Amino acid sequence: MARKISLSALTELPGNIWNSIFRNPLPSSDLGRAQTSFTNFFLHIHPVKVNRHTLKPWYTMGLGLITFFLFVILVFTGVLVMFYYVPSTNQAYDRMLDLRSTVAFGTFTRNMHRWAAHGMVAFVFLHMCRVFFTGAYKRPREFNWVLGIVLFLLTLFSSFTGYLLPWDQLAFWAITVGASIAGYAPVVGEQMRFLLLGDTTVGQEALLRFYVLHVAVLPLVITLLVAVHFWRIRKDGGLSRPPEAESEPGLSKETTAKVDLVEKPGEAFVTSAGKKHFGIQGLVRGPFTKVGNVPDNSVFAWPNLFMAELFVLILTIAGLCVLSLFFDAPLEEPVNITHPPNPAKAPWYFLGLQELVSYSAFWGGVGIPTIQVLLLLVVPYLDRDPRGVGRWFAGERLLANTLFLIFVIVNITLIIIGTLFRGPNWEFVSPW
Amino acid sequence: MTMKKRNEAPAEQTEGQLTRRRLLTWLSSVGIFGSALISLVANAFFIKPRATYGQPNRFSIGKPEEFPAGTRQALDGQRVCVIREGERVCAISTTCTHLGCIVAPSETGFACPCHGSRFDQDGNVTGGPAPKALAWYKVSLAPNGELEIDKGVEVKSGTYFNV
Ligand code: HEM
Ligand code: FES
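Cut-off values and rules
Residues numbered from 1 in each chain as written. Chains lettered and ligands numbered in written order. Predicted model: local features only at pLDDT ≥ 70, side-chain atom pairs only at ≥ 80, totals over all residues. Heavy atoms only, no water. Helix = DSSP H or I, 4+ residues; strand = E, 2+ residues; numbered from the N terminus. Buried < 20%, exposed > 50% of the residue type's maximum accessible area, 1.4 Å probe, protein only. Contact = heavy atoms within 4.5 Å. Areas by Shrake-Rupley, 256 points an atom, 1.4 Å probe, with all protein chains shown as cover. pLDDT = per-residue confidence, 0-100. Axes fitted to C-alpha atoms, helices over the stretch in contact; angles between N-to-C directions. Parallel < 35°, antiparallel > 145°, perpendicular 65-115°, else oblique. Left-handed = near helix turned anticlockwise from the far one by under 90°. Nonpolar A, V, L, I, M, F, W, Y, C, P; charged D, E, K, R; others polar. Salt bridge = Lys/Arg side-chain N within 4 Å of Asp/Glu carboxyl O. Near = heavy atom within 4 Å. Patch = residues over 30% accessible without salt bridge, like charges linked within 9 Å, V, L, I, M, F, W, Y side chains within 5 Å. Domains from an automatic or database assignment. Pairing = 2+ DSSP bridges. Donors = N, O, S within 2.8 Å, 3.2 Å for Na, K, Ca; no water. Tetrahedral: all angles 85-135°; square planar, octahedral: opposite > 155°, others 65-115°. Phe/Tyr/Trp six-rings, centres within 6.5 Å; stacked < 30°, edge-to-face > 60°. Lys, Arg positive; Asp, Glu negative; His and termini not counted. Disulfide = S-S within 2.5 Å.

### Observations regarding the overall build of chain A
- On a plain count of helices and strands, chain A comes out with 15 helices and four strands.
- When the 432 residues of chain A are sorted by exposure, 46% land in the buried category.
- A sequence separation of at least 24 residues applies to 74% of the contacts in chain A between residues at least 6 apart.
- Only carbon and sulfur atoms are counted for the fraction: they give 70% of the accessible area of chain A, which is about 23600 Å².

Structure (structure tokens):
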């Protein structure tokens, strides 16, 4: 037996282990890199080639990507904080203090988690604005827009559930007010509120429920939907772009092959020259990024797209680290259920709602938000005009863009009023 | 290639077999999605608590003598304000009917710190976004001689208990 283990097996051991993990050497040609991005688990989310238009920094501004990276950072720092956090009304607040005073890098980790959470809400909104103003929600990307809206709501809900966990005054009263808003929903409102809180008032049951939602349910659902979101980007033919971005700049109109997107399975590409291209893609329904068989305006994802993504990642991490070094996440007094702070304010992104709620609980908290969400959901099904996709503020989209701009401005104005101009008893104050 | 094959019925397959296959497909789909639906309903029942751990609805607040005539005392822990006028006692909720903050007694009645709702001495809305008056709860005298408030039973505004 022992004879079988030859010396060569031992000398080759490191190399054999290495090769069993990395099946191919680091590629040094475009073909090799293309093959590797196809076979590597972590890279195969990307297309092998991307259109040049997609890489223009000012087109997407990397907003969706920043949102995604912030989510990854949130999961990472969130798991770290979980090692010390206890979802109990007796302990939660003290654990926050421990994080501050005794845990190594505790303050920094908590800061990163908190600022990334605020950042994700901000960037998911900016990303939505980008998608709208570039008309990127139009056919065939309607459903990805709908998925996006769901992700936006889930992001808000995650942040809302996380808000209660420190169990300080801010947390308790913001959630008391927020949960009461849910109670105004017609018919099922009170039931929903009871299910959410597990009790009639905010207490231990609510803390436990919010914790479970915040650390398990919502991150899982978001991860799943983000995966579908990315998958759909690929299957919808890559990022939106104007028609003129399809052709190679050097080619004249006549020599540029026009590709009819394959709509039915089993059909082949037919170029304008009448040449047929069969391939595995012939079996797949829908538009997709084609590779290699027609002249096009695309470049290899590696290195062009990967470098851009890496740059955005580094920028995101750097920005977040700087923020977390200089600004500490707030922690107010421990919960005092007999004494609401005056004024009791929700997190900033809900202050627009709180402002509306101070006129009418039903309309501000339930009616108007529901109408807004429903309108957002049907946008791509109402606006069927295919013109103006892939450009910021396209002239053909003047009406749609103006309406959306009004929606954005109204909501931001309400948030500013709620944040800066409301004082004790929600009375009007001047910030100056 | 394989996809094509699956769509074409093999020559030896008869109509009867196809129907059976379809029926089985239908039955198993209904079975699977039906179970999923039932389990969803069961889950909803699961997460709806049957017992709550919060404060009891009924609690005693002490002997009537502890609340002399003219008392207007907010018990924030229990979220009620005990009021005694002469021999009459009542308990008014201090949970704001707007969004659940605790209202504080003011000269004119009650005021809410959260969105500025104001109520008069009897809990009727006099300003702000609150949609309805503060609730009045049933007050009674327990056998041990202490006043008892039952937040499970709302009474009409203006219903006093005579001690
Ligand atoms: C958790 C939240 C979200 C994440 C992580 C995310 C991520 C991304 C990423 C990385 C892209 C690639 C382009 C880019 O970086 O901008 C993208 C594209 C897209 N997103 Fe999102 N997104 C989120 C939410 C949303 C929302 C709220 C909407 C709109 C309601 C939306 C709609 C779209 C659409 C339609 C595209 C395709 C855009 C195009 O083809 O030009 N997404 N998303
Ligand atoms: S909760 Fe009292 S005014 Fe809103």
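### A short note on the confidence of the model for chain B
All names here are of chain B.
- Confidence in the prediction of chain B, expressed as mean pLDDT, is 83, and 90% of residues score 70 or more.
- Below pLDDT 50 for its whole length, residues 1-5 participates in one contact with residues either more than four positions away or in separate chains.
- For this predicted complex, the interface score ipTM comes out at 0.75, alongside a pTM of 0.85.

### Notes on the packing of helix α8 (residues 142-164) of chain A against helix α14 (residues 361-382) of chain A
Residues and elements named next belong to chain A.
- Put simply, α8 and α14 touch, their axes get as near as 8 Å, and they point 165° apart. One finds that α8 runs roughly antiparallel with respect to α14. In this structure, the crossing between α8 and α14 has a hand that is right-handed. Two secondary-structure elements touch here, α8 through E142, F143, W145, V146, I149 and L153 and α14 through V373, L376, L377, V379, P380 and Y381.
- For the contact of α8 with α14, the residue count by class is eleven nonpolar, no polar and one charged.

### Remarks on unusual backbone geometry
Residue and element names in this part refer to chain A.
- With an omega of 5°, the peptide bond between R139 and P140 qualifies as cis.
- Positionally, P140 belongs in the loop between α7 (106-133) and α8.
- Each neighbour pair has its own omega, and for W302 with P303 the value is 10°, a cis peptide bond.
- If you check the backbone angles, F393 has positive phi at about 50° while not being a glycine.

### So, the pattern of salt bridges
Residue and element names in this part refer to chain A.
- Applying the stated criterion across every chain yields a total of twelve salt bridges over all chains.
- Across the pair R33 and D30 runs a salt bridge whose closest N-O atoms are separated by 3.2 Å. Residue R33 and its partner D30 are located together in helix α3 (residues 30-39), separated by three residues, close to a single helical turn.
- Its salt-bridge partner being D383, residue R397 comes within 3.4 Å of it at the nearest N-O pair. Here D383 lies in the loop between α14 and α15 (398-420) and R397 lies in the loop between α14 and α15, a separation of 14 residues in the sequence.
- We classify R397 as buried; its relative accessible area is 2%.
- Here the residues in one salt-bridge network are K138, D383 and R397, joined through shared partners.

### What about the site of ligand 1?
Residue and element names in this part refer to chain A.
- Near ligand 1, the surroundings consist of 24 residues, among which H127, R130, G148, H229 and S240 are the closest.
- At the level of secondary structure, the elements contributing two or more residues to the shell around ligand 1 comprise α5 (63-82), α7, α8 and α11 (204-235).
- Grouping the amino acids of the shell around ligand 1 by side-chain chemistry returns 14 nonpolar, eight polar and two charged.

### A look at a nonpolar patch on the surface
Residues and elements named next belong to chain A.
- Judged by side-chain polarity, F143, F362, W363, I368, I371, L375, V378, Y381 and L382 come together as a nonpolar surface patch covering roughly 850 Å² of accessible area.
- If you tally residues by element for the nonpolar patch, the top one is α14, at eight residues.
- The residue L375 is located in helix α14 in this model.

### A word on the domain arrangement of chain B
- Split into domains, chain B comes out as domain 1 (19-51) and domain 2 (58-162).
- A straight line from the C-alpha centre of domain 1 of chain B to that of domain 2 of chain B covers 48 Å.

### A word on the sheet that holds strand β8 (residues 125-127) of chain B
Residues and elements named next belong to chain B.
- With respect to topology, four strands assemble into an open sheet ordered β5-β6-β7-β8, the strand pairing being antiparallel. The open sheet has two edge strands with one neighbour each: β5 (104-106) and β8.
- Here strand β7 (residues 118-119) runs beside β8; their pairing, made up of two bridges, is antiparallel. Bridging across to β8, R118 finds its partner in G127.

### Overview of the coordination of the iron atom of ligand 1
All names here are of chain A.
- Protein coordination at the iron atom of ligand 1 comes from H127 (NE2) and H229 (NE2), with a distance range of 2.0 to 2.1 Å.
- With six donor atoms in place around the iron atom of ligand 1 and angles of 84 to 178° between them, the coordination shape is octahedral. Taken as a pair, H127 in helix α7 and H229 in helix α11 lie far apart in primary sequence, 102 residues in all.
- Take H229: its relative accessible area is 14%, and that puts it in the buried class.

### Observations regarding the packing of aromatic side chains
Residue and element names in this part refer to chain A.
- Taken as a whole and judged by the stated rule, the model has 26 aromatic pairs over all chains.
- Ring centres of F125 and F152 lie 6.2 Å apart, and the angle between their planes is 40°; this geometry places the pair in the tilted category. Here F125, found in helix α7, pairs with F152, found in helix α8; they are 27 residues apart in sequence, far enough to count as distant. Residues F125 and F152 agree in their burial class; the two are buried.
- With 4.0 Å between their ring centres and 5° between their planes, F132 and F404 make a pair best called stacked.

### Describing the side chain of A:D168
Residue and element names in this part refer to chain A.
- Of note, D168 is situated in the loop between α8 and α9 (169-183).
- Buried within the structure, D168 lacks any salt-bridge partner; its nearest side chain of opposite charge belongs to R110, at an N-O separation of 5.7 Å.
- Beyond its immediate chain neighbours, meaning those up to four positions away, D168 contacts Y93, L331, E332, E333, P334 and V335.

### Details of the state of the cysteines
All names here are of chain B.
- Per the counting criterion, the structure on display carries one disulfide over all chains.
- Bridging C101 to C114, the disulfide has an S-S length of 1.8 Å. Its torsion about the S-S bond being -80°, the disulfide of C101 and C114 is classed as left-handed. Of this pair, C101 sits in the loop between β4 (88-93) and β5 while C114 sits in the loop between β6 (109-111) and β7; the two residues are 13 residues apart in sequence, bridging distant segments of the chain.
- For C101, a relative accessible area of 1% gives the class buried.
- Given the relative accessible area of 1%, C114 is considered buried.
- Summary of cysteine pairing: C81 is not part of a disulfide, and the nearest cysteine sulfur, belonging to C90, is at 7.8 Å.
- With a relative accessible area of 0%, C81 lands in the buried category.

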